[in-house]
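Below are the chains, spelled out letter by letter.
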Amino acid sequence: EVDIMGTTTFSGPIKARTIKETTGTTVGSDVKNVGFTKMVQSASGVMTGNSTTYTIGTIPANSQIVDVKLDITEVSDATNASTVSVGTSANAVAFTVAANAQVAARTTMNIAAIANAVDIGGTDVQVIATTTNGDEDATTGTFTATVEYVQNNNLS
């Protein structure tokens, strides 16, 4: 017997809680407590060849990227140093530095990425992972990249 869980898709940002507007000063009864729901997009890739680009997700315009995580889940056996980074087509290291893929590790967003993440701007942004310096003879190496964001939390 196979248990299949369904999914629901919404077209706009999701907000949760009960008080939409502040009308007074009493927390729990008349002070706004509605907040956005954090969204996540994630993808995996392999490092068993030359440089490759993987699409992690497309983040909607005006979103705030909260965090980007890169997990090296199986180390690469490439002869040359193999790396993975997470960024955009314009900047392959916009969110994480090029992490050594020959060591199991978790890399999070680097400090320089904060300016790229606070508000992605008025157009959708495609987040990609880029592997580099892999050898054709490499037979191992996998990663998972995850981007967490708040949809339409326009901060500018």
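Note: the structure precedes this text.
Residues numbered from 1 in each chain as written. Predicted model: local features only at pLDDT ≥ 70, side-chain atom pairs only at ≥ 80, totals over all residues. Heavy atoms only, no water.

Participant: So what's going on with unusual backbone geometry? Which residues, and what values?
Facilitator: Phi at Asn62 takes a positive value of approximately 65 degrees, unusual for a residue other than glycine. Its place among the elements puts Asn62 in the loop between β4 (52–59) and β5 (64–74). (Helix = DSSP H or I, 4+ residues; strand = E, 2+ residues; numbered from the N terminus.)

Participant: Can you break down the nonpolar core residue by residue, with the values?
Facilitator: One finds Ile65, Val84, Val86, Phe95 and Phe143 to be the most contacted residues of the largest nonpolar core, which totals 26 residues. When residues of this core are traced back to their parent elements, those giving at least two are β4, β5, β6 (83–87), β9 (125–132) and β10 (142–150). Here Ile65 is in contact with Ile59, Phe95, Met109, Ala117, Ile120, Val147, Glu148 and Tyr149, once residues within four sequence places are set aside. (Core = buried A, V, L, I, M, F, W, Y, C linked by side-chain atoms within 4.5 Å. Buried < 20%, exposed > 50% of the residue type's maximum accessible area, 1.4 Å probe, protein only. Contact = heavy atoms within 4.5 Å.)

Participant: I'd love a proper account of the pattern of salt bridges, names of residues and values included.
Facilitator: Note on pairing: side chains with opposite charge can pair once their charged atoms come close. Considering all chains together, one arrives at four salt bridges under this definition. The partner of Lys69 in a salt bridge is Glu148, and the shortest N-O contact between them spans 2.8 Å. With a gap of 79 residues between them, Lys69 in strand β5 and Glu148 in strand β10 connect regions that are remote in the sequence. Judged by relative accessible area, Lys69 falls into the buried class, the value being 18%. Relative accessible area serves as the criterion here: at 13%, Glu148 is assigned to the buried category. When salt bridges with common partners are traced through the structure, they connect Lys38, Asp67, Lys69 and Glu148 into a single cluster. (Salt bridge = Lys/Arg side-chain N within 4 Å of Asp/Glu carboxyl O.)

Participant: Describe the sheet that holds strand β7 (residues 99–100), naming the residues involved and giving the relevant values.
Facilitator: Read from one edge to the other, the open sheet built from four strands follows the order β4-β9-β6-β7, with strand pairing classed as antiparallel. Two strands bound the open sheet, and with one partner strand each, they are β4 and β7. By the bridge criterion, two bridges tie β6 to β7 in an arrangement that is antiparallel. Bridging across to β7, Thr83 finds its partner in Asn100. (Pairing = 2+ DSSP bridges.)

Participant: Explain the environment of Arg17 to me, and be specific about the residues and the numbers.
Facilitator: Here Arg17 lies in the loop between β1 (15–16) and β2 (35–36). Sequence separation between Arg17 and Met47 is 30 residues; the distance between their C-alpha atoms is 43 Å.

Participant: How would you summarise the pairing of β5 if you had to cite specific residues and measurements?
Facilitator: When β5 meets β10, the two strands line up antiparallel, connected through nine bridges. Across the sheet, Leu70 pairs through a bridge with Ala145, a residue of β10. Two elements, β5 and strand β8 (residues 105–108), share four bridges in a ladder whose sense is antiparallel. Considered in β8, the bridge of Asp71 is made with Arg106.

Participant: Residues and numbers for the sheet that holds strand β3 (residues 38–46), please.
Facilitator: Spatial strand order, β3-β10-β5-β8: four strands in an open sheet with antiparallel pairing. Two strands lie at the open edges of the sheet, namely β3 and β8, each paired on one side alone. The average undirected angle you get between the axes of adjacent strands in this sheet is 15 degrees. Bridging between β3 and β10 involves nine bridges; their strand directions are antiparallel. Among the inter-strand pairings, Ser44 is bridged to a residue of β10, identified as Thr144. (Axes fitted to C-alpha atoms, helices over the stretch in contact; angles between N-to-C directions.)

Participant: Could you give an account of the side chain of Ser63, with specific residues and numbers?
Facilitator: Its location among the elements puts Ser63 in the loop between β4 and β5. A polar contact is formed between the side chain of Ser63 and the backbone nitrogen of Asn152, at a distance of 3.4 Å. When residues no more than four places from it in sequence are discounted, the contact partners of Ser63 are Ala117, Val118, Asp119, Ile120, Tyr149, Val150, Gln151, Asn152 and Asn153. (Polar contact = N/O pair within 3.5 Å; in protein donor to acceptor, adjacent residues only side chain to side chain.)

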